[in-house]
Amino acid sequence: MRIVLLGPPASGKGTQAKRLIGKLGVPQVSTGDMLRAAKKAGTELGKKAAEFMSAGALVPDEVVIGLVEERLKLDDAKKGFILDGFPRTVPQAEALDAMLERLASPITHVVQIDVARDLLVERAVLRRTDKRTGQIYHLKYNPPPSDAELEHRADDQEDKVLKRLADYEAITSALLPYYEKRGLIRKVDGVGTPDEVTVRIGDALEG
Ligand code: AP5
């Protein structure tokens with residue numbers, strides 16, 4: 001399966017991707033995680049991305065497309081993958097199609113996770129990540145253990161979250177008609193416990 005997880009910031013893409021990789025035996029390819037890792041490592045790409053990310057803005061298409069192209073060439077992606085946070089613009093989707101056409105392995109499913117806007121803000125602002133394990137927690141819905149080394153993402157401040165949501169609505173939502181035309185979209189209600197959402201995604205992938 002070659003899956004795109006599509007949904008606004010904090011809709012649960014990362015949480016669900018981490019659950020699905022075990023079930024499906026394919027890797028998660030998260031551009032957000034890759035960019036944060038590059039930023040932490042202080043690479044040129046990381047430095048370039050950091051200024052956009054901390055402002056809650058999208059990183060330029062050519063930077064992200066190059067990153068995904070390199071990642072999808074690795075062996076573990078040959079059996080399939082879950083794209084989390086990519087594509088986010090129509091040029092990214094077109095570049096992805098072109099890459100996959102060369103590999104004769106097109107996208108098979110696009111799962112759209114739907115969550116109301118007011119819940120998204122709360123999910124992002126109260127999100128915390130364990131630095132050591134990458135595990136995602138939520139101070140209200142999924143509290144971390146007492147020994148976790150918690151990190152609060154700079155772009156999870158409320159003003160940055162609102163900017164990211166506005167960009168999703170203005171730019172990324174154009175991908176819905178892009179994939180709808182090809183009959184790839186599976187719409188999933190993202191409100192409920194993470195377990196409930198995982199079951200819904202599993203059903204959507206089978207249907
Ligand atoms: P990225 O990391 O991709 O951010 P995002 O898409 O905004 O998504 P999030 O990571 O915020 O949320 P999520 O949907 O994964 O939700 P999560 O599972 O964590 O990108 C960050 C930045 O990198 C971008 O702003 C941009 O600058 C850059 N970037 C990345 N990709 C790019 C691209 N393709 N092009 C250009 N720039 C790019 O869940 C959120 C919270 O909710 C957690 O606390 C979780 O515990 C909780 N939660 C999850 N599920 C539930 C549930 N069912 N009920 C209650 N709480 C839940």
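Placed above this text is the structure.
These lines cover the structure that appears in this document, whether it is placed above or below. Predicted model, so just to flag it, every value in this text is computed and none were measured.

## Focus: helix 5 (residues 90-102)
Here comes step 1: Taking 1.5 Å per residue as the helical rise, helix 5 with its 13 residues ought to reach 18 Å, and the 19 Å between its terminal C-alpha atoms agrees with that figure.
Here comes step 2: Those residues of helix 5 that sit buried are Gln92, Ala93, Ala95, Leu96, Asp97, Met99 and Leu100.
Here comes step 3: Buried residues belonging to helix 5 abut strand 1 (2-6), helix 4 (61-72), strand 3 (81-84) and helix 8 (175-180).
Here comes step 4: Alanine 104 lies just past helix 5 and shows a positive phi near 50°.

## Section: unusual backbone geometry
Here comes step 1: In this structure, the amide linkage connecting phenylalanine 86 to the following residue, proline 87, adopts the cis form with an omega of 0°.
Here comes step 2: Here proline 87 is to be found in the loop between strand 3 and helix 5.
Here comes step 3: The backbone of alanine 10 sits at a positive phi, close to 70°, despite the residue not being glycine.
Here comes step 4: For alanine 10, the position within the fold is in the loop between strand 1 and helix 1 (13-24).
Here comes step 5: Under the relative-accessibility criterion, alanine 10 is labelled buried at 13%.
Here comes step 6: With a phi close to 50°, alanine 104 is a non-glycine residue in the positive phi region.

## A closer look at the packing of helix 2 (residues 31-41) against helix 3 (residues 44-54)
Here comes step 1: It is the contact of helix 2 with helix 3, at a shortest axis distance of 7 Å, that shows an interaxial angle of 115°. Once helix 2 is placed against helix 3, the crossing between them reads as left-handed. Of helix 3, the residues touching helix 2 (which contributes Gly32, Leu35, Arg36, Ala38 and Lys39) are Leu45, Gly46, Ala49, Ala50 and Met53.
Here comes step 2: The class makeup of the residues in the contact of helix 2 with helix 3 is 6 nonpolar, 2 polar and 2 charged.

## Quick word on the packing of helix 4 against helix 5
Packed helix pairs are specified by the crossing angle of their axes together with the interaxial distance, meaning the distance between the axes.
Here comes step 1: Look at helix 4 against helix 5: their axes get within 10 Å of each other, and the N-to-C directions meet at 25°. With respect to helix 5, the axis of helix 4 lies roughly parallel. Between helix 4 and helix 5 the crossing geometry is right-handed. The residues of helix 5 that touch helix 4, namely those facing Asp61, Val64, Ile65, Val68, Glu69 and Leu72, are Pro91, Gln92, Ala95, Leu96, Met99, Leu100 and Arg102.
Here comes step 2: The residue inventory of the contact of helix 4 with helix 5, partitioned by class, reads 9 nonpolar, 1 polar and 3 charged.

## So, the site of the ligand
Here comes step 1: Lining the immediate surroundings of the ligand are 35 residues, of which Thr15, Ala57, Arg88, Arg127 and Arg164 lie closest.
Here comes step 2: Here alanine 10 contributes a backbone N or O atom positioned 2.9 Å from an oxygen atom of the ligand.
Here comes step 3: Starting from 1,000 Å² of accessible surface for the ligand in isolation, the protein chains cover 96%.
Here comes step 4: Counting only elements with at least two residues in the shell around the ligand, the list comes to helix 1, helix 2, strand 6 (136-138) and helix 9 (194-206).

## Overview of the side chain of arginine 127
Here comes step 1: Among the structural elements, arginine 127 can be located in strand 5 (residues 127-130).
Here comes step 2: A polar side-chain atom of arginine 127 sits 2.8 Å from a polar atom in the side chain of aspartate 156.
Here comes step 3: Contacts of arginine 127, omitting those with residues within four sequence positions, involve Ala10, Ile136, Tyr137, His138, Glu151, His152, Arg153, Asp156 and Arg164.

## As for the sheet that holds strand 6
Here comes step 1: Pairing within the open sheet is antiparallel, and its 3 strands lie in the order 6-5-7. In the strand order of this sheet, the two ends are held by strand 6 and strand 7 (150-151), each with one partner.
Here comes step 2: Pairing between strand 5 and strand 7: 2 bridges, direction antiparallel. Within the sheet, the bridge partner assigned to threonine 129 lies in strand 7 and is glutamate 151.
Here comes step 3: Against the sheet, helix 6 (residues 117-125) engages strand 5 and strand 6, with an angle of about 35° to strand 5.

## A few points about the nonpolar core
Here comes step 1: Counting 31 residues, the largest nonpolar core has Leu72, Phe81, Leu83, Leu96, Ile107, Val110 and Tyr179 as the members making the most contacts within it.
Here comes step 2: If you list the elements that add at least two residues to this core, you get strand 1, helix 3, helix 4, strand 3, helix 5 and helix 8.
Here comes step 3: With 6 residues, the top contributor of residues to this core is helix 4.
Here comes step 4: Ignoring any residue separated from it by four or fewer positions in sequence, one finds isoleucine 107 in contact with Arg2, Val4, Phe81, Leu83, Leu96, Leu100 and Leu184.
Here comes step 5: Within the second largest apolar cluster, 20 residues are counted, among which are Leu20, Ile82, Val115 and Ala204.

About the criteria used
Residues numbered from 1 in each chain as written. Predicted model: local features only at pLDDT ≥ 70, side-chain atom pairs only at ≥ 80, totals over all residues. Heavy atoms only, no water. Helix = DSSP H or I, 4+ residues; strand = E, 2+ residues; numbered from the N terminus. Expected span 1.5 Å × (residues − 1). Buried < 20%, exposed > 50% of the residue type's maximum accessible area, 1.4 Å probe, protein only. Contact = heavy atoms within 4.5 Å. Axes fitted to C-alpha atoms, helices over the stretch in contact; angles between N-to-C directions. Left-handed = near helix turned anticlockwise from the far one by under 90°. Nonpolar A, V, L, I, M, F, W, Y, C, P; charged D, E, K, R; others polar. Parallel < 35°, antiparallel > 145°, perpendicular 65-115°, else oblique. Near = heavy atom within 4 Å. Polar contact = N/O pair within 3.5 Å; in protein donor to acceptor, adjacent residues only side chain to side chain. Areas by Shrake-Rupley, 256 points an atom, 1.4 Å probe, with all protein chains shown as cover. Pairing = 2+ DSSP bridges. Core = buried A, V, L, I, M, F, W, Y, C linked by side-chain atoms within 4.5 Å.

Remember that the coordinates give geometry; whether it matters functionally is a separate question.
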